[in-house]
Amino acid sequence: MKKLKALSKAAPSRRRQPNGGGAGADFRKMATALAAAGRAFYARGWALGTSGNFSAVLSRQPLRLAITSTGLDKGTLTPDQFLEIGESKEVLRGGERPSAEALLHLTVVRELDAGAVLHTHSVWSTVLSGSHAANGGIALEGYEMLKGLEGVRTHKHREWLPILENSQDMTELATRVSATLRESRDIHGFLLREHGLYTWGSDLQEAKRHVEILEFLMEVLVRAGAAATR
């Protein structure tokens, strides 16, 4: 996969500074956009309850992400519920804890220069990632909607969604995610078994579009009967 476009670098934030001016204004703007995306995913049934987590790059040198804090109802997500974290997952802004899966977001950003990483927990991704785990992934091909994925120009494209075994050991899982991304640089997402979808983009808008395309295609497969093991 070609390196994704980098976002403009924002000035680094001081530890746990309140929002306001400069980097604070950038953080607030990004948190507001992420919260709106999260509420939209909840409305579509892709991030019910406290499932899912969403992040976007604020700066790259040093690496800073705006990301959801842990245990949030995505249907009522607000900008105040986002954190700013650094490259070691340390909290630089906000008083809550990031999800343990923040390490996976950092891994995707580092490996692909992604500008945003979105993680959803739809029925479709949960069912397919369980029923197709033995195949190591799911092939999506022949669908016009594939052209919504960045760089895809024809419905004849074959998109491979790897399925990784889920784990509570985030360091070990992040190592496997890193290896998967290095081996398959043209993919637009991956699944965690019986868990959900991770996808990304050069910016939040592109990542949001990838969620919509991949969730649509997974729903099509389930409704067409592809959830049955083959």
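It should be noted that the structure appears before, not after, this text.
We now turn to the structure provided with this report. (Residues numbered from 1 in each chain as written. Predicted model: local features only at pLDDT ≥ 70, side-chain atom pairs only at ≥ 80, totals over all residues. Heavy atoms only, no water.)

1. Observations concerning the packing of aromatic side chains
Then, in step 1: One pass over the structure, following the stated rule, counts 4 aromatic pairs.
Then, in step 2: Summarising the aromatic geometry, the rings of Phe41 and Trp46 are spaced 5.9 Å apart at their centres and angled 45 degrees between planes, so their arrangement reads as tilted.
Then, in step 3: Since its relative accessible area comes to 4%, Trp46 is described here as buried.
Then, in step 4: Ring centres of Phe190 and Trp200 lie 6.0 Å apart, and the angle between their planes is 40 degrees; this geometry places the pair in the tilted category. Residue Phe190 is found in strand β8 (residues 189–192), and its partner Trp200 is found in strand β9 (residues 196–201); the two are separated by 10 residues along the sequence. (Phe/Tyr/Trp six-rings, centres within 6.5 Å; stacked < 30°, edge-to-face > 60°. Buried < 20%, exposed > 50% of the residue type's maximum accessible area, 1.4 Å probe, protein only. Helix = DSSP H or I, 4+ residues; strand = E, 2+ residues; numbered from the N terminus.)

2. Points about the side chain of Asn53
Then, in step 1: In this structure, Asn53 sits in strand β1 (residues 53–60).
Then, in step 2: The class of Asn53 is buried, set by a relative accessible area of 5%.
Then, in step 3: At 2.5 Å, the side chain of Asn53 forms a polar contact with the side chain of His105.
Then, in step 4: Aside from chain neighbours lying at most four places away, what touches Asn53 is Thr68, Ser99, Glu101, His105, Val117, Leu118, His119 and Tyr198. (Polar contact = N/O pair within 3.5 Å; in protein donor to acceptor, adjacent residues only side chain to side chain. Contact = heavy atoms within 4.5 Å.)

3. Concerning the packing of helix α2 (residues 102–112) against helix α4 (residues 170–183)
Then, in step 1: Between α2 and α4, the least distance of the axes is 9 Å, while the angle of their chain directions is 25 degrees. When the interaxial angle is binned, α2 and α4 end up roughly parallel. In the crossing of α2 with α4, the sense of the turn from one axis to the other is right-handed. In this structure, α2 contributes Leu103, Leu104, Thr107, Val108, Glu111 and Leu112 to the contact, and α4 contributes Met170, Thr171, Leu173, Ala174, Val177, Ser178, Leu181 and Arg182.
Then, in step 2: Split into classes, the residues belonging to the contact of α2 with α4 amount to 9 nonpolar, 3 polar and 2 charged. (Axes fitted to C-alpha atoms, helices over the stretch in contact; angles between N-to-C directions. Parallel < 35°, antiparallel > 145°, perpendicular 65-115°, else oblique. Left-handed = near helix turned anticlockwise from the far one by under 90°. Nonpolar A, V, L, I, M, F, W, Y, C, P; charged D, E, K, R; others polar.)

4. A short note on the sheet that holds strand β5 (residues 116–120)
Then, in step 1: A sheet is described by the order of its strands in space; here 9 strands give the open sequence β4-β3-β2-β1-β5-β9-β8-β7-β6, paired in mixed fashion. Where the open sheet ends on each side, the last strands, each with one partner, are β4 (91–93) and β6 (137–141). For this sheet, the mean angle separating the axes of adjacent strands, direction not counted, is 25 degrees.
Then, in step 2: The pairing of β6 with strand β7 (residues 158–164) spans 5 bridges and is antiparallel. By the bridge assignment, Ala139 is partnered in β7 with Trp160.
Then, in step 3: Docked against the sheet, helix α3 (residues 123–131) engages β5, β6, β7, β8 and β9, running at close to 75 degrees with respect to β8. (Pairing = 2+ DSSP bridges.)

5. A closer look at the environment of Arg28
Then, in step 1: Relative to the helices and strands, Arg28 is located in helix α1 (residues 23–43).
Then, in step 2: When the C-alpha positions of Arg28 and Asp80 are compared, they lie 8.3 Å apart, and in sequence the two are 52 residues distant.

6. Details of the pairing of β7
Then, in step 1: Here β7 lies mainly inside the structure; 5 of its 7 residues are buried.
Then, in step 2: Direction of pairing for β7 relative to β8: parallel, over a ladder of 2 bridges. Note on β8: the bridge partner recorded for Ile163 is Leu191.
Then, in step 3: For the segment spanning β7, α4 and β8, crossover handedness is right-handed. (Right-handed = clockwise from strand over helix to strand, strands pointing away.)

7. Topic: the packing of α3 against helix α5 (residues 204–223)
Then, in step 1: As a packed pair, α3 and α5 sit with axes 9 Å apart at the nearest point and diverge in direction by 60 degrees. In this view, α3 runs oblique relative to α5, as classed from their interaxial angle. Pair α3 / α5 crosses with left-handed handedness. Mapping the contact onto sequence places Trp124, Ser125, Val127 and Leu128 in α3 and Glu215, Met218, Glu219, Leu221, Val222 and Arg223 in α5.
Then, in step 2: Split into classes, the residues belonging to the contact of α3 with α5 amount to 6 nonpolar, 1 polar and 3 charged.

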